[in-house]
Amino acid sequence: MGRAPSSVLTILRQNPRARQTQIRNLTVETRDTDYSKNKQHYTDIAKQVCRIVRTKPSWEQTLLSNFPSFNFNDLMLFMEVLKHQNNVLFTFRFYIWLHSNYGFSPDLDSCNALFDSLVKVKACKAAMYFLDNTGFSPNPSSLERYIRCLCKVGLIEEALCVFSKLKEIGVKGLIKTWNSVLSCCIKVDRTDLVWKLYQDMIESGVVVDIDADTVGYLVQAFCKDGKVSEGYELLRQALEEGLEPGLVTFDRLISGFCKEKNFDRVSELLHTMIAINRYPDIHTYGEVIKELCKSGKGLEGYRVFNDLKGRGYVLDRVMYIIMINGLCKMELVGDARKLWFEMINKGILPNDYTYNALIRGYCKIGNLEEAKELHKKMCGKGYGGTTLSYNIMIAGLCLHRETYEAYRLFMEMTQKGVAHDVITYNTLIRGFCKKGRIADGTNLLKELLARGLQPSTNSYNPLIEKLCEMGDVQEAKSLWNDMCNWDLKPLVRTHDYLITGLCEQGFVTEGMQQLKEMLNSKLKPQKGTLERLVLCLSRADSFDDSLLVIELMFRLGYKPNKDIYRPLVTKLCSENSNFVETCLGDILERN
């Protein structure tokens, strides 16, 4: 046997343990070097993929050809893409491509990382798709962030579904997650869900953690349900416990009490806000002033407006519009005009709402020349070419019986391409009826219908009333039937006109039938209508019906005028009717 070379023997004679250590170290260094090189390779590929995904719109069709020998189904590549892609939506798109082409499924860490990133940028639909597609279960904190994300974009049903899953695994949830769901319910007007969630909070013990935000959402829910006083009581208790909701909560309460015309409570809330350093902003005061003006307390609103100026509030265009409109409704157009110029001097230019408010004021007091001049200026500024602005002018002109000028504006609208709406037609129809121009009013109604506009009660009522007044009850009945075919409800006074019109023209039976239908509809005829009806019935020798109508008047709380008894007394004297005498005597005792 040949001997081993001496150099080999020398190595073999060395310490075996030392030799093993050298071999092991050599192996580890080789493995680390290989992994580092391998990882760097994936990193380089991932960076190229990220750039292609970001810059090429249709990269899905060309990516494989760019890397023909590369295995895209490798988890390491996806992890590197997830790390280096600076837009999570591009990463998500890359995931969809991998899943579609390779059935790729990321590991748990990658799923959590991608899901959390989608939630962070509020890509809720993408996060939802990813959950459904992978079937993985995020950790509770991720689920809570997902719930809050869904609520921010208004997906309340989806948020509640995830919320129920959270409760199924025994997680109560943070109070800010509960608040997020409550807030979303308020925004989508689902107060029923608010109270259900509140009951769940009580049952799960979370109610002990409620904060000022929770109280605020519950108060707002009360206000939306029309239970403003209950909301106020909850706020009062919360303030006693040191919980101070935000401005929105106070605004909702103030708005609710304004609508109820409970201005004492409004004043109390404003003082409370100032006391806890929740200073009301200009929008809060604007709501108060607007409601004061609507409630006939415009002078009080004007006092608040001037007080705000004195306290240094910067009043915006909206505030000036509210106050100018309120003053015009009180016919204080001079004061409104002063505010107009004050606003302009402050650099706030009038807009169409401001012009319309002042024009309406001039029309109301009958200063049509100023109204026309202002409307002309408004058109010159580019604001006047709207249906609303023309409707205001037409209404003002018709109010003061200038129907010719109103009709000229009506035709001008057509020339300028400004659309007529139902209000335009109704206003002019009423204006024509006031002037006795029934034919013109009827033609406008026909034009309204021919243009495919939906008529309203006010499209018919003025015509029916004027026709009855002029004695043309047959045409009035025809229009009445047309109105009923449109399922429109006549006004009470229109019923009155038709009843008296029918009876005065000798159609007593129809008039009494109309009265019966009116009473069956729970409508109360006017006293004057019933008195005229009694006179008509008496002239037609319908004394029994006359007595029935007088009896009806007493039942409705009316005290009949004594003049309506004269025909009945005359009948009593001429016929000596025991029935009439008995009934009339009973009636006269009550009168």
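Just so it is clear, the model here is predicted, and its values are computed rather than measured. (Residues numbered from 1 in each chain as written. Predicted model: local features only at pLDDT ≥ 70, side-chain atom pairs only at ≥ 80, totals over all residues. Heavy atoms only, no water.)

Enquirer: What am I meant to see in the overall build of the chain here?
Expert: Within the chain, the regular secondary structure consists of 33 helices and zero strands. Long-range pairs, those at least 24 residues apart, make up 60% of the contacts in the chain with a sequence separation of at least 6. Counting only carbon and sulfur atoms, one obtains 51% of the accessible surface of the chain, whose full area is about 31,200 Å². (Helix = DSSP H or I, 4+ residues; strand = E, 2+ residues; numbered from the N terminus. Contact = heavy atoms within 4.5 Å. Areas by Shrake-Rupley, 256 points an atom, 1.4 Å probe, with all protein chains shown as cover.)

Enquirer: Sorry, what's going on with the environment of valine 549 here?
Expert: One can find valine 549 in helix H31 (residues 543–555). By relative accessible area, valine 549 is classed as buried at 1%. Sequence spacing of valine 549 and leucine 530 is 19 residues, and the spatial spacing of their C-alpha atoms is 6.7 Å. Those residues in contact with valine 549, other than ones at most four positions away along the chain, are Met512, Leu515, Leu530, Leu533, Val534 and Leu537. (Buried < 20%, exposed > 50% of the residue type's maximum accessible area, 1.4 Å probe, protein only.)

Enquirer: Just checking my understanding: could you explain the side chain of histidine 375 for this structure?
Expert: Residue placement: histidine 375 occurs in helix H21 (residues 368–380). Its relative accessible area of 6% is what places histidine 375 among the buried residues. Excluding its chain neighbours within four sequence positions, the residues that come into contact with histidine 375 are Ile359, Gly384, Ser389, Tyr390 and Met393.

Enquirer: Just to check I follow, could you spell out the state of the cysteines for this structure?
Expert: Note on terminology: a disulfide is the covalent bond linking the sulfur atoms of two cysteines. Here the structure, examined in full by the defined rule, presents one disulfide. In this model, cysteine 124 is linked to cysteine 149 through a disulfide, with the two sulfur atoms separated by 2.5 Å. Since a negative S-S torsion denotes a left-handed disulfide, the cysteine 124-cysteine 149 link at about -115° is left-handed. Placement of cysteine 124 in helix H7 (residues 124–134) and of cysteine 149 in helix H8 (residues 140–152) is noted, with a sequence separation of 25 residues between them. Taken as a pair, cysteine 124 and cysteine 149 share a single burial class, namely buried. (Disulfide = S-S within 2.5 Å.)

Enquirer: I'm lost on the packing of helix H16 (residues 282–294) against helix H17 (residues 298–310) in this one. Help?
Expert: Each pair of packed helices can be summarised by the angle the axes make with each other and by the distance between the axes. Between H16 and H17, the least distance of the axes is 7 Å, while the angle of their chain directions is 155°. It follows that H16 is roughly antiparallel to H17 by the angle criterion. Judged by the twist between their axes, the crossing of H16 over H17 is left-handed. Across from Ile282, Tyr285, Ile289, Leu292 and Cys293 in H16, the residues of H17 making contact are Gly298, Glu300, Gly301, Val304, Phe305 and Leu308. (Axes fitted to C-alpha atoms, helices over the stretch in contact; angles between N-to-C directions. Parallel < 35°, antiparallel > 145°, perpendicular 65-115°, else oblique. Left-handed = near helix turned anticlockwise from the far one by under 90°.)

Enquirer: Please explain helix H11 (residues 191–204) as it appears in this structure.
Expert: Every α-helix winds through 3.6 residues per turn, so residues three or four apart in the chain are directed the same way. Given a rise of 1.5 Å per residue, 14 residues ought to cover 20 Å, and the 20 Å separating the end C-alpha atoms of H11 matches this to within 8%. When H11 is considered as a whole, its buried residues turn out to be Thr191, Leu193, Val194, Leu197, Asp200 and Met201. An end-on view of H11 places all buried positions within 165° of arc, on one side of the element. In H11, the exposed residues that point more than 90 degrees away from the buried face are Lys196 and Glu203. (Expected span 1.5 Å × (residues − 1). Arc of directions from axis to C-beta.)

Enquirer: Explain unusual backbone geometry to me, please; I cannot follow it from the model alone.
Expert: Of note, aspartate 189 is a non-glycine position whose phi angle comes to about 60°, a positive value. One can find aspartate 189 in the loop between helix H10 (175–187) and H11. Accessibility expressed as a relative area gives 51% for aspartate 189, which makes it exposed. Phi is positive for arginine 401, close to 65°, though the residue is something other than glycine.

Enquirer: Would you explain the pattern of salt bridges in this entry?
Expert: Where side chains of opposite charge bring their charged atoms close, a pairing between them can arise. This model, assessed by the stated rule, comprises 30 salt bridges. For glutamate 60, the salt bridge goes to arginine 93, with nearest N and O atoms at 2.7 Å. Residue glutamate 60 is found in the loop between helix H2 (16–55) and helix H3 (63–66), and its partner arginine 93 is found in helix H5 (residues 88–102); the two are separated by 33 residues along the sequence. When its relative accessible area of 24% is taken as the criterion, glutamate 60 is described as partly exposed. Here arginine 93 falls in the partly exposed class, since its relative accessible area comes to 29%. For arginine 265, the salt bridge identified is with glutamate 268, shortest N-O distance 3.0 Å. Of this pair, arginine 265 and glutamate 268 both sit in helix H15 (residues 263–275), three residues apart, which is roughly one turn of the helix. Counted as one network, the salt bridges with shared partners bring together Glu405, Arg408, Glu412 and Lys416. (Salt bridge = Lys/Arg side-chain N within 4 Å of Asp/Glu carboxyl O.)

Enquirer: Would you take a moment to explain the environment of isoleucine 429 for this structure?
Expert: Within the secondary structure, isoleucine 429 sits in helix H24 (residues 422–434). By relative accessible area, which is 0% here, isoleucine 429 ends up buried. As a C-alpha pair, isoleucine 429 and aspartate 440 span eleven residues in sequence and 7.7 Å in three-dimensional space. Residues in contact with isoleucine 429, not counting those within four places in the same chain, are Gly441, Leu444, Leu445, Ser459 and Leu463.

Enquirer: It is not clear to me how the confidence of the model for the chain should be interpreted in this structure. Could you clarify?
Expert: Per-residue confidence for the chain gives a mean pLDDT of 86, with 90% of residues at or over 70. Low pLDDT (under 50) marks residues 1–35, which in the prediction has five contacts with non-local residues, meaning those over four places away or in another chain. (pLDDT = per-residue confidence, 0-100.)

Enquirer: Before we go on, may I ask you to explain the packing of helix H29 (residues 508–520) against helix H30 (residues 527–539) in this structure?
Expert: Where H29 contacts H30, the two axes come as close as 11 Å, and the packing angle between them is 150°. Taken as axis vectors, H29 and H30 run roughly antiparallel relative to one another. Note on packing geometry: the crossing formed by H29 with H30 is left-handed. For the pair H29 and H30, contact is made by Val508, Met512 and Leu515 and by Leu530, Leu533 and Leu537, respectively. The residue inventory of the contact of H29 with H30, partitioned by class, reads six nonpolar, no polar and no charged. (Nonpolar A, V, L, I, M, F, W, Y, C, P; charged D, E, K, R; others polar.)

Enquirer: Which parts of the structure should I look at to understand helix H28 (residues 492–504)?
Expert: An ideal rise of 1.5 Å per residue puts 18 Å on 13 residues; H28 measures up with 18 Å between its terminal C-alpha atoms. When we look at burial in H28, the residues that qualify are Thr494, His495, Asp496, Leu498, Ile499, Thr500, Gly501, Leu502 and Cys503. Against the buried residues of H28 lie helix H26 (457–470), helix H27 (473–485), H29 and H30. The first or second residue beyond H28 is glycine 506, which carries a positive phi of 90°.

Enquirer: Could you clarify how one ought to interpret the nonpolar core in this entry?
Expert: Counting 88 residues, the largest nonpolar core has Leu253, Ile289, Phe305 and Leu358 as its most contacted members. When residues of this core are assigned to their parent elements, the largest contribution, seven residues, is made by helix H18 (residues 317–329). Residues within four places of phenylalanine 305 in sequence aside, it is in contact with Ile289, Leu315, Met319, Tyr320, Met323 and Leu339. Core analysis: the next-biggest nonpolar cluster, separate from the first, contains 62 residues, Ala46, Phe72, Val181 and Cys185 among them. (Core = buried A, V, L, I, M, F, W, Y, C linked by side-chain atoms within 4.5 Å.)

Enquirer: Explanation requested: the packing of aromatic side chains in the structure shown.
Expert: Two aromatic rings, taken as a pair, are described by how far apart their centres are and by the angle between their planes. Under the criterion given, the structure shown has 26 aromatic pairs. Summarising the aromatic geometry, the rings of phenylalanine 115 and tyrosine 146 are spaced 5.2 Å apart at their centres and angled 65° between planes, so their arrangement reads as edge-to-face. Taken together, the residues phenylalanine 115 in helix H6 (residues 108–120) and tyrosine 146 in helix H8 connect sequence positions 31 residues apart. Tyrosine 146 matches phenylalanine 115 in its accessibility class, with the two residues each being buried. Between phenylalanine 163 and tryptophan 178 the ring centres are 4.6 Å apart and the planes differ by 80°, which places this aromatic pair in the edge-to-face class. (Phe/Tyr/Trp six-rings, centres within 6.5 Å; stacked < 30°, edge-to-face > 60°.)

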